[in-house]
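# Overview (structure and organization)
Residues per chain, in single letters:
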Amino acid sequence: MASPQSTKTGLNLPAGMNQTSLRLETFSSSFRGISSLSSPSKSTCSDRFIPCRSSSRLHAFDLQDKEPTTPVKEGGNEAYCRLLKSELFGSDFASPCLSPAGGHGSASSPMSPSTNMLRFKTDRSNSSPNSPFSPSILGNDNGLSSDSSPPPRPPRKVPKTPHKVLDAPSLQDDFYLNVVDWSSQNVLAVGLGTCVYLWTASNSKVTKLCDLGPNDSVCSVQWTREGSYISVGTSHGQVQVWDGTQCKRVRTMGGHQTRTGVLAWNSRILSSGSRDKNILQHDIRVQGDYVSKLVGHKSEVCGLKWSHDDRELASGGNDNQLLVWNNHSQQPVLKLTEHTAAVKAITWSPHQSSLLASGGGTADRCIRFWNTTNGHQLNSIDTGSQVCNLAWSKNVNEIVSTHGYSQNQIMLWKYPSMTKVATLTGHSMRVLYLATSPDGQTIVTGAGDETLRFWNVFPSAKMQTPVKDTGLWSLGRTQIR
């Protein structure tokens with residue numbers, strides 16, 4: 001006879017097993033089957049891709065534990081929290097949820113949004129102090145390059161020795177003369193005693209232009225801007241105009257009572273200054289000796305320069321005055337009397353209109369800058385020695401000055417800061433003469449030591465690079481006559 005259990009289920013069950021245990025076994029086996037179907041093996045492809053975060057360096061994005069805002073509830077599953085962080089963010093972030101001190105950990109869940117998720121932080125471990133991009137070198141704590149201006153350029157190197165030296169016998173040691181000029185066609189004119197010599201820079205050829213005779217001497221020379229004609233001032237007060245290419249005299253003009261120590265051309269007018277205190281305006285297209293006379297100085301006129309736009313003429317004299325004239329008046333429009341010694345050194349800025357620089361003699365020693373529009377003095381600097389000449393570079397905004405007592409030096413200045421770029425020495429007497437090459441890179445200086453020295457001081461107009469030191473050339477000296 002069947003038992004009641006077997007009758008109800010229709011199964012023969014062993015002793016000690018009831019229907020309840022059979023049902024539990026069946027449920028558990030079916031659960032395992034479902035679990036195996038919903039969890040594919042590692043070799044089975046799925047629609048989700050979970051990257052390996054252990055190699056992603058997520059610590060560089062400032063994913064760090066934050067201070068808790070609310071305490072973790074007692075009985076929280078610390079092991080589960082640690083396991084979840086490890087699975088989501090890698091082993092580097094598997095720190096315990098509860099901190100050892102205080103029993104509190106991070107309250108922010110790894111699955112919750114965080115303001116630090118995409119906040120970049122410099123990886124200090126990969127930054128070395130010797131790297132050019134190191135934060136310690138750039139002075140930037142976040143390691144990012146700033147938009148600040150680039151570092152200042154190092155000072156331009158100027159050769160300290162002349163690249164060529166010419167012997168110039170009978171070169172006068174007279175502060176009031178101007179007997180050296182360099183033409184736009186690269187020909188240097190030098191007055192030596194009674195003669196004028198032309199030195200062609202391209203081939204070092206020397207040509208004798210003229211000889212004034214035993215009773216006269218050369219006091220000034222000046223090329224036209226085109227470089228074809230040259231004017232010569234004599235000790236007798238004459239002004240001669242010569243054709244530089246044919247070595248032929250074109251014109252002789254009088255009007256001065258004594259020596260003509262300074263000349264200046266503009267586009268069509270030749271101005272001459274003399275010991276007779278007057279300035280004469282010559283027009284070679286007119287038959288007369290001069291077309292106008294400018295009277296204003298009380299002593300010898302020794303400095304004379306036209307502005308680059310031909311509108312203003314600056315004159316300096318032994319009366320310590322600097323006068324500015326225009327084309328429409330025979331009276332000076334400006335009388336500048338701040339100098340305390342003779343004003344021979346005069347130059348106009350090629351970079352800014354109405355900007356004039358002047359230099360004073362032994363008792364003054366100053367270079368002064370003027371705005372000729374209103375007559376205001378813009379700046380003044382004491383050079384420490386007699387200022388004999390000034391020349392403004394057309395390539396860069398710099399000025400070169402030559403000096404006499406007591407150092408006989410050549411100085412290069414950066415305008416408007418007037419910081420010294422270089423100081424050149426080599427002449428044994430005061431540097432009375434100065435001219436600039438047509439390319440604006442080389443200057444020639446002359447002194448009573450009867451030498452002409454060529455210096456590379458300015459960069460070229462197109463490439464502002466340091467000039468090369470060719471000091472070995474100075475070992476060979478040649479004569480200009």
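Residue positions are given per chain, counted from 1 along the sequence in the order it is written. This being a predicted model, a pLDDT of at least 70 is required before a residue's local features are given, and a value of 80 or more before pairs of side-chain atoms are given or counted; all residues contribute to the totals for chains, interfaces and linings. Each side-chain value is derived from all of the structure's non-hydrogen atoms; neither hydrogens nor water enter the calculation.

The subject of this paragraph is the overall build of the protein. When its secondary structure is counted, the protein shows four helices and 29 strands. Between buried and exposed lies partly exposed: a residue is buried under 20% and exposed over 50% of the maximum accessible area for its type, with that area taken using a 1.4 Å probe on protein chains only. Going through the 481 residues of the protein one by one, you find that 44% of them count as buried. All accessible areas in this document rest on Shrake-Rupley with a 1.4 Å probe, and a residue is counted as covered only by the protein chains that are shown. When the accessible surface of the protein is summed, it comes to about 26,400 Å², and 52% of that surface belongs to carbon and sulfur atoms. Think of it this way: any DSSP run of H or I at least four residues long counts as a helix, any run of E at least two long counts as a strand, and we number them from the N terminus.

Taken in spatial order, the four strands line up as β14-β15-β16-β17 in an open sheet, and their pairing is antiparallel. With partners counted over all chains shown, the strands left at the sheet margins are β14 (301-306) and β17 (334-336), one partner each. Going from strand to strand, the sheet's axes swing by 20° on average, the running direction of each strand aside. Here, strands pair whenever DSSP counts at least two bridges between them. Across three bridges, strand β16 (residues 322-326) lies against β17 in antiparallel orientation. Within β17, the residue paired with Leu322 across the bridge is Leu336. Here the axes come from fitting lines to C-alpha atoms, over the contacting stretch only for helices, and the angles between their N-to-C directions go from 0 to 180 degrees.

Within the open sheet, the four strands sit side by side as β22-β23-β24-β25. Their pairing is antiparallel. Of all strands in the sheet, those with a lone pairing partner are β22 (387-392) and β25 (419-424), marking the two edges. Going from strand to strand, the sheet's axes swing by 20° on average, the running direction of each strand aside. Bridge count for strand β23 (residues 398-403) against strand β24 (residues 410-414) is five bridges, and the pairing is antiparallel.

Moving on, we come to the packing of aromatic side chains. Only centres within 6.5 Å qualify two rings of Phe, Tyr or Trp (six-membered ring in Trp) as a pair; their planes then separate them into stacked at under 30 degrees, edge-to-face at over 60, and tilted for everything else. Taken as a whole, this structure holds six aromatic pairs when the rule is applied. A centroid spacing of 4.8 Å and a plane angle of 45° characterise the contact between Phe369 and Tyr415, whose relative ring orientation is tilted. Residue Phe369 is found in strand β20 (residues 366-371), and its partner Tyr415 is found in the loop between β24 and β25; the two are separated by 46 residues along the sequence. Taking the relative accessible area as the measure of exposure, Tyr415 reaches 12% and is therefore buried. Here a set of aromatic residues connected by ring pairs shows up, and it is made of Trp182, Trp199 and Phe454. Two conditions define a charge sitting above a ring: the NZ of Lys or the CZ of Arg must be within 6 Å of the ring centre, and it must be within 35 degrees of the ring normal. Across the ring face of Phe175, the terminal group of Lys344 is positioned such that the distance to the ring centre comes to 5.4 Å.

Next up on the list: the environment of Gly359. Position of Gly359 relative to the elements: it lies in strand β19 (residues 355-360). With 23 residues separating them in the primary sequence, Gly359 and Asp382 have C-alpha atoms 9.7 Å apart. For this analysis, residues touch if any pair of their heavy atoms sits within 4.5 Å. Setting aside residues up to four positions removed in sequence, Gly359 forms contacts with His339, Ala342, Val343, Lys344, Ala345, Cys366, Ile367, Val387 and Leu390.

It is worth spelling out the environment of Ile443 at this point. Its location among the elements puts Ile443 in strand β27 (residues 442-447). Classification of Ile443 by relative accessible area gives buried; the value is 0%. Sequence separation of Ile443 and Val457 is 14 residues, and the distance between their C-alpha atoms is 7.1 Å. When near neighbours in sequence (up to four residues on either side) are disregarded, Ile443 contacts Trp182, Val400, Ile410, Leu434, Ala435, Thr436, Arg453, Phe454, Trp455, Val457 and Phe458.

Within strand β8 (residues 239-243), five of the five residues are buried, leaving the element largely enclosed by the surrounding structure. Taken together, the five bridges between strand β7 (residues 229-234) and β8 define a ladder with antiparallel strand orientation. When the sheet's bridge partners are listed, Ser231 is paired in β8 with Val241. Between β7 and β8, which follow one another and run antiparallel, lie four residues, and Gly237 among them has a positive phi close to 95°. The loop that links β8 with its antiparallel partner strand β9 (residues 248-253) comprises four residues; one of these, Cys247, has a positive phi angle of about 55°.

For the rest of this paragraph, the subject is the pairing of strand β6 (residues 218-223). For β6, the tally of buried residues reaches six of six residues, placing the bulk of the element in the interior. Where β6 and β7 come together, five bridges link them in antiparallel fashion. Along β7, the bridge assignment pairs Ser220 with Gly233. With antiparallel pairing between neighbouring strands as the criterion, β6 and β7 make up a hairpin whose turn holds five residues, including Gly227 at a positive phi of roughly 85°.

Below, the discussion takes up the confidence of the model for the protein. For the protein, the average pLDDT comes to 81, and 68% of its residues sit at 70 or higher. pLDDT is a residue-level measure of predictor confidence that goes from 0 to 100. Low pLDDT, under 50, characterises residues 24-43; the predicted model gives this stretch zero contacts beyond four residues in sequence or across chains. Taken as a whole, residues 465-475 scores under 50 in pLDDT and shows 22 contacts with residues more than four places along the chain or in a different chain.

Our focus in this paragraph is the pattern of salt bridges. For side chains bearing opposite charge, pairing can occur when the charged atoms are close. Take a side-chain nitrogen of Lys or Arg and a carboxyl oxygen of Asp or Glu: if they are within 4 Å of each other, that pair is a salt bridge. A complete count under the given rule lists twelve salt bridges for this structure. Between Arg156 and Glu398 there is a salt bridge; the shortest N-O distance is 2.3 Å. One end of the pair, Arg156, is in the loop between α4 (135-138) and β1 (164-167); the other, Glu398, is in strand β23, with 242 residues separating them in the sequence. You can call Arg156 buried: its relative accessible area is 17%. Since its relative accessible area comes to 3%, Glu398 is described here as buried. One salt bridge in this structure joins Asp283 and Arg285, with 3.0 Å as the shortest N-O distance. Asp283 sits in the buried class, given a relative accessible area of 6%.

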